[in-house]
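Breakdown of the fold
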Amino acid sequence: MSTLTATDAPKAAPAARRAALVERRARRRSASLGLLAWVVGIAFCLPAIWMLLTSFHSEPDAATNPPSLTAPLTLDSYRAFFGTGSGASPWPPLINSLTSSVFSTVFVLVLALPAAYALSIKRVEKWTDVMFFFLSTKMLPVVAGLLPVYLFAKNIGMLDNVWLLVILYTSMNLPIAVWMMQSFLADVPVSIIEAAQVDGARLPTVLTRVVAPIAAPGIAATALICFIFSWNELLFARVLTGVTAQTAPVFLTGFVTSQGLFLAQLCAASVVVSLPVLAAGFAAQDKLVQGLSLGAVK
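First things first, this report covers the structure right here in the doc. Since the model is a prediction, treat every value here as computed from it, not as a measurement.

1. Remarks on the packing of aromatic side chains
- One pass over the structure, following the stated rule, counts 7 aromatic pairs.
- Taking 5.2 Å as the distance between ring centres and 40° as the angle between the ring planes, the aromatic pair formed by Phe56 and Tyr78 counts as tilted. With Phe56 in the loop between α1 (9-55) and α2 (59-62) and Tyr78 in helix α3 (residues 76-81), this residue pair connects regions lying 22 residues apart in the sequence.
- Judged by relative accessible area, Phe56 falls into the partly exposed class, the value being 27%.
- Between Phe103 and Phe107, the ring centres sit 6.3 Å apart and the planes meet at 55°, which makes this aromatic pair tilted. Taken as a pair, Phe103 and Phe107 lie in helix α4 (residues 91-120) at a separation of 4 residues, close to a single helical turn.

If you want it as structure tokens, here you go:
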């Protein structure tokens, strides 16, 4: 075992000081980056926090400029939103949004899983061209397809029908779902699939009992993103629905009237409409992080 001699001691002291200095600098840099991340995160959350605070204000207090932080809090806006004052119930639009979002997300997953399997594990011929075709469907501006979809829905008698929104949301979210799940399924070990096939497992069994459990984080992330896109969609819902199939985003636009903007009621309605998405994101946050980071580190 080697030991430090008297001549080595003066050399070791500056090296130790340099190492300690580098460590202190790294700690300061890490603390600075952490503080910056908190500042940026709070800055991104400020609009949502302000919306929540405004929802508890009365209409005169919410309309003041500059807005008052010390205004008294009240639940009048939430009472008005749930129909106490106006008589308009938000439950049918919320149920319509939930129906169209959930069913379209389920249909997207059912269709995207075998498609992603064929494009990542058992790759079809010219699979890159197929992927580009899926991507090209998102290049068309949504408003360009609005009139043909409206005329088609009118001719088949499906205007103001929530199942029309289910079909539209499924077709709109399917390309992005296939792209996402293709990258997730590409990390599934092929040897496990081949072993299941040797044991006699057919394709449906392989997809549901082998591929799906392994790629569960990616599937959860895809489902959450498709659900959010469907829940927040406004343009098609605004044009293709009336009263029966009206969705929650369309219902929110009713607070902007010719009599003015009911800011407090609008903020209260926005908070209520945002809760399902926030709840779904909070419940699946671990799967979302795992899914979005799947394959990032080899």
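2. Describing helix α9 (residues 203-214)
- For α9, spanning 12 residues, the distance from its first C-alpha to its last is 15 Å, which sits close to the expected 16 Å at 1.5 Å a residue.
- If you check which residues of α9 are buried, you get Val206, Leu207, Val210, Val211 and Ala212.
- Lining the buried residues of α9 we find α4, α7 (162-185), α8 (190-198) and α10 (216-232).

3. Considering a nonpolar patch on the surface
- On the surface, a nonpolar cluster with roughly 610 Å² of combined accessible area is contributed by Leu98, Val102, Phe103, Val106, Phe107, Val110 and Trp163.
- Structurally, Leu98 is set in helix α4.

4. Observations regarding the pattern of salt bridges
- Within the structure shown, the criterion is met by 2 salt bridges.
- The shortest N-O distance in the salt bridge between Arg79 and Asp76 comes to 2.8 Å. Taken together, the residues Arg79 and Asp76, both in helix α3 and 3 residues apart, mark about one turn of the helix.
- The class for Asp76 is partly exposed, based on a relative accessible area of 43%.

The rules behind these values
Every residue gets a number counted from 1 within its own chain, in the order that chain's sequence is written. Under the rules for a predicted model, residues below a pLDDT of 70 receive no local features and side-chain atom pairs below 80 are neither given nor counted, while totals for whole chains, interfaces and linings still include all residues. Excluded from the side-chain calculation are hydrogens and water; included are all heavy atoms of the structure. In this scheme Phe, Tyr and Trp rings, the latter by its six-membered ring, pair at centre separations within 6.5 Å, and the angle between planes marks the pair as stacked below 30 degrees, edge-to-face above 60, and tilted otherwise. Starting at the N terminus, helices and strands are each numbered in turn, a helix being any DSSP run of H or I of at least four residues and a strand any DSSP run of E of at least two. Exposure categories follow from relative accessible area, calculated using a 1.4 Å probe and restricted to protein chains: below 20% of the type maximum is buried, above 50% is exposed, and the middle band is partly exposed. Helix span, as expected, comes to 1.5 Å for every residue beyond the first. Throughout, a residue-residue contact means that at least one pair of heavy atoms, one from each residue, lies within 4.5 Å. Each patch is built from salt-bridge-free residues with over 30% relative accessible area, joining like charges within 9 Å and nonpolar side chains (Val, Leu, Ile, Met, Phe, Trp, Tyr) within 5 Å. In this description, accessible areas are obtained by the Shrake-Rupley approach with a 1.4 Å probe, and a residue is regarded as covered only by the protein chains that are shown. For this document, the term salt bridge refers to a Lys or Arg side-chain nitrogen within 4 Å of an Asp or Glu carboxyl oxygen.

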